[in-house]
Amino acid sequence: MAITFEKVKHKSQSRLKGLHPVVETATVALIERCYARGVNIVITQGLRTIAEQNGLFAQGRTQAELNKAGLSHIKAQPDKPKVTNARGGTSYHNYGVAIDFALLLNDGRVVSWDTKLDVDKDGIADWMEVVDEANKLGFEWGGDWTSFKDLPHLQITFGLSTTLLRAGQQPAATKVAAAYAVIDKLQGEASEDMSKITELEQVIEEQEGRLAALEKRLNISGEETYAKDYEKAIQAAKDAGIITTSAYKSKIELNVITMLVNVGLANKALISFFKNFKA
């Protein structure tokens, strides 16, 4: 089964800390709305410290370039690719109003930055589906920049520059309220569908839990050893005359054969059953 919404959301939970409340709300909504479209994402960066930002700025630059930028105390990393033009204090990440994302493949383990990937096979690149949902929620996409495109980057700046944020200026209450209004409107429209998805996933998880318990009682191993179990059971069933070939057996048939073999019911009395069994 594909990874559930709760597990997708949990993957990003730690990187939501420190974000501006509006940006955090919009990010959770983005994860949810993308999931509803068949696209899983993970937040790879949220709030970033000044030191972390300077470390990224050092990538792809020589020590002379860092010295010129007033960062002589930072070690250059010229062998790495350049990832940002923003020094510490000049990135929206430093103020909790920006995030970076990547695609999360269905097993929930592999992260991808492939902007052309179309996992849900709807004819639209998954990356651009994320961008579409982000734009609706009020995010600005780094891929729209002309000087330095930052494809994983999304931000909500409330019309403030990093200079103003660095000086301590906070987003105006009217800007914050307007941003929440956009998010609330979109989420209100989609809440019923998302609720149905979550309920269905809970039912599926419960059924899978029951199946796992049954397999355990009947000595059926987990997925990683299914092939070996099947091979042994098929041979035992052949020896008992229950089946004559292992060809064209569905997983249901293989499970039934394996269970019966494991509990000692592989005998000729069941030949007629298997002849008439249809998956």
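Below is a summary of the structure that appears in this document. In this text, all values refer to a predicted model and were calculated from it rather than measured experimentally.

Calculation rules
- Residues numbered from 1 in each chain as written.
- Predicted model: local features only at pLDDT ≥ 70, side-chain atom pairs only at ≥ 80, totals over all residues.
- Heavy atoms only, no water.
- Helix = DSSP H or I, 4+ residues; strand = E, 2+ residues; numbered from the N terminus.
- Buried < 20%, exposed > 50% of the residue type's maximum accessible area, 1.4 Å probe, protein only.
- Areas by Shrake-Rupley, 256 points an atom, 1.4 Å probe, with all protein chains shown as cover.
- Phe/Tyr/Trp six-rings, centres within 6.5 Å; stacked < 30°, edge-to-face > 60°.
- Lys NZ or Arg CZ within 6 Å of the ring centre and 35° of its normal.
- Pairing = 2+ DSSP bridges.
- Salt bridge = Lys/Arg side-chain N within 4 Å of Asp/Glu carboxyl O.

### With respect to the overall build of the protein
Turning to step 1, where the next piece is worked out: If you tally the helices and strands in the protein, you get ten helices and five strands.
Turning to step 2, where the next piece is worked out: For the protein, with 279 residues in total, the buried portion stands at 39%.
Turning to step 3, where the next piece is worked out: Summed over its atoms, the accessible surface of the protein is roughly 15,600 Å², and 55% of this surface lies on carbon and sulfur atoms.

### Details of the packing of aromatic side chains
Turning to step 1, where the next piece is worked out: Considering all chains together, one arrives at two aromatic pairs under this definition.
Turning to step 2, where the next piece is worked out: Judged by centre distance (5.6 Å) and plane angle (55°), the rings of F5 and Y35 are tilted. With a gap of 30 residues between them, F5 in helix α1 (residues 5-12) and Y35 in helix α2 (residues 21-36) connect regions that are remote in the sequence.
Turning to step 3, where the next piece is worked out: For F5, a relative accessible area of 4% translates into the label buried.
Turning to step 4, where the next piece is worked out: The class of Y35 is buried, set by a relative accessible area of 12%.
Turning to step 5, where the next piece is worked out: Note on F101 and W127: the rings are 4.4 Å apart at their centroids and 35° apart in plane angle, and the pair reads as tilted. Here F101 is found in strand β2 (residues 98-104), whereas its partner W127 is found in helix α5 (residues 126-136), with 26 residues between them in sequence. Grouping residues by exposure puts F101 and W127 together as buried.
Turning to step 6, where the next piece is worked out: The positively charged end of R61 is found above the aromatic ring belonging to F57, 3.9 Å away from the centroid.

### Some words on the pairing of β2
Within a regular beta strand, the side chains point alternately toward one face of the sheet and then the other, so they alternate between its two faces.
Turning to step 1, where the next piece is worked out: With seven of its seven residues buried, β2 lies for the most part within the structure.
Turning to step 2, where the next piece is worked out: Bridge count between strand β1 (residues 41-45) and β2: four bridges; the pairing is antiparallel. Paired with V42 across the strands is A102, a residue of β2.
Turning to step 3, where the next piece is worked out: Relative to strand β5 (residues 153-155), β2 is paired through three bridges, and the arrangement is antiparallel. Residue pairing for β5: D100 is matched across the bridge by H153.
Turning to step 4, where the next piece is worked out: Judged from the two bridges that link them, β2 and strand β3 (residues 111-112) form a sheet pairing that is antiparallel. Paired with L103 across the bridge in β3 is S112.
Turning to step 5, where the next piece is worked out: The loop that links β2 with its antiparallel partner β3 comprises six residues; one of these, G108, has a positive phi angle of about 75°.

### Observations regarding the pattern of salt bridges
Turning to step 1, where the next piece is worked out: Across all of its chains, the model carries eight salt bridges by this definition.
Turning to step 2, where the next piece is worked out: With a shortest N-O distance of 3.3 Å, D100 and R48 are connected by a salt bridge. A residue pair is termed long-range when its members are at least 10 positions apart, and D100 in strand β2 and R48 in the loop between β1 and α3 (50-57) qualify at 52 residues. When sorted by exposure, D100 lands in the same class as R48, which is buried.
Turning to step 3, where the next piece is worked out: Linking K136 and D132 is a salt bridge whose minimum nitrogen-to-oxygen distance equals 3.5 Å. You can see K136 and its partner D132 sitting in helix α5, four residues apart, about one turn around the helix.

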